[in-house]
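So you can see what is in the structure, the chains are spelled out below.
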Amino acid sequence: MSHEVRMRLSKGLWQALHEHCARTGESVSHAISAALAEALDVEHHTIYQVSTSGALVQGVFQGCVRIGDIRRHGDFGLGTFEGLDGEAILLDGACWQAKGDGSLRPAPDEALAPFFVATHFRADQTHLLTDVRDWADLTRRIDVFRKSANMFAAIHLRGHFERLKYRVARKSAAGAGLVDATSHQAEFTVENVRGDLVGFWTPAYVRTINVPGYHLHFLSDDRRFGGHVLDLAAARLQLDLHLESNLHLVLPETPAFLAADLSGDPAAALAKAEGDDSAKGKPQK
């Protein structure tokens, strides 16, 4: 339900508003709504999500929303690109694309995403984590600070990593399911690197919409590499936690999405494609 508001603006504000709309392509109504949301802290606790995890499992990799449009709804997040062409990391308003060959580049605004999760990140809590042994240890530590198993949380970790294992999806042919598409993904292990972990914790009850549990991408300080985190070890990490109370879900209108059978439970396929959370804390061979 929407409401109509009548208001008076000064000549200067009116001119600035129209100049902004001419520059960005936004409507006047959208620009005013966005400004009010910013002032009232509405979008600061809103997840803006493109498509669903269930659609990814079914192989719906066709891009549907431009990176430039996603950045209007968040300065922090993760996702992937058309054709599952690498991993996306959005941090401080800049979006990066980690490619399957191990390279990293700024993602162009015109690039299309088939799946993305973003938010305007403002830390509600800040904590120091020391002697983080592995993935399982990290997630147990963060669990302590989440106030509910039914709320989303955006997670930002920063520090020096003694060891980090990550993977990067490679571009896949149309029609391949997520499990098949990620079966040939590139995996990397690095040591003694500084960087950021960017991601989310998602409740299990929305597993057909988003990846349940912890989902984190890495971005190195030198902007040379990044990807989907599988395992790690760190002596000292700063944890910033941002709790989310709103979900804005954008559904694609692409032929592939409209024709996909999304009635099944994608949990098992997601766990396998994402690296199997149950195995992330085990020692690597």
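Residues numbered from 1 in each chain as written. Predicted model: local features only at pLDDT ≥ 70, side-chain atom pairs only at ≥ 80, totals over all residues. Heavy atoms only, no water.

What to know about the sheet that holds strand E5 (residues 94-98)
Pairing is mixed across the open sheet formed by 7 strands, whose spatial order is E6-E5-E4-E3-E8-E1-E14. Strand pairing shows two members of the sheet lacking a second neighbour, strand E6 (104-106) and strand E14 (246-250), which therefore form its edges. Averaged over all pairs of adjacent strands, the angle between strand axes in this sheet comes to 15°, irrespective of strand direction. Across 5 bridges, the pairing between strand E1 (residues 46-50) and E14 is parallel. By the bridge assignment for E14, Gln49 is matched with Leu249. (Pairing = 2+ DSSP bridges. Helix = DSSP H or I, 4+ residues; strand = E, 2+ residues; numbered from the N terminus. Axes fitted to C-alpha atoms, helices over the stretch in contact; angles between N-to-C directions.)

Thoughts on the pairing of strand E10 (residues 152-168)
Burial of E10 is extensive: 13 of the 17 residues sit out of reach of the surface. Where E10 and strand E11 (residues 186-202) come together, 15 bridges link them in antiparallel fashion. Across the sheet, His156 pairs through a bridge with Val198, a residue of E11. (Buried < 20%, exposed > 50% of the residue type's maximum accessible area, 1.4 Å probe, protein only.)

Considerations on the confidence of the model for the protein
When the pLDDT values of the protein are averaged, the result is 89; 91% of them are 70 or greater. pLDDT under 50 marks residues 277-285. Its contacts with residues more than four places away, or in other chains, come to 19 contacts. (pLDDT = per-residue confidence, 0-100. Contact = heavy atoms within 4.5 Å.)

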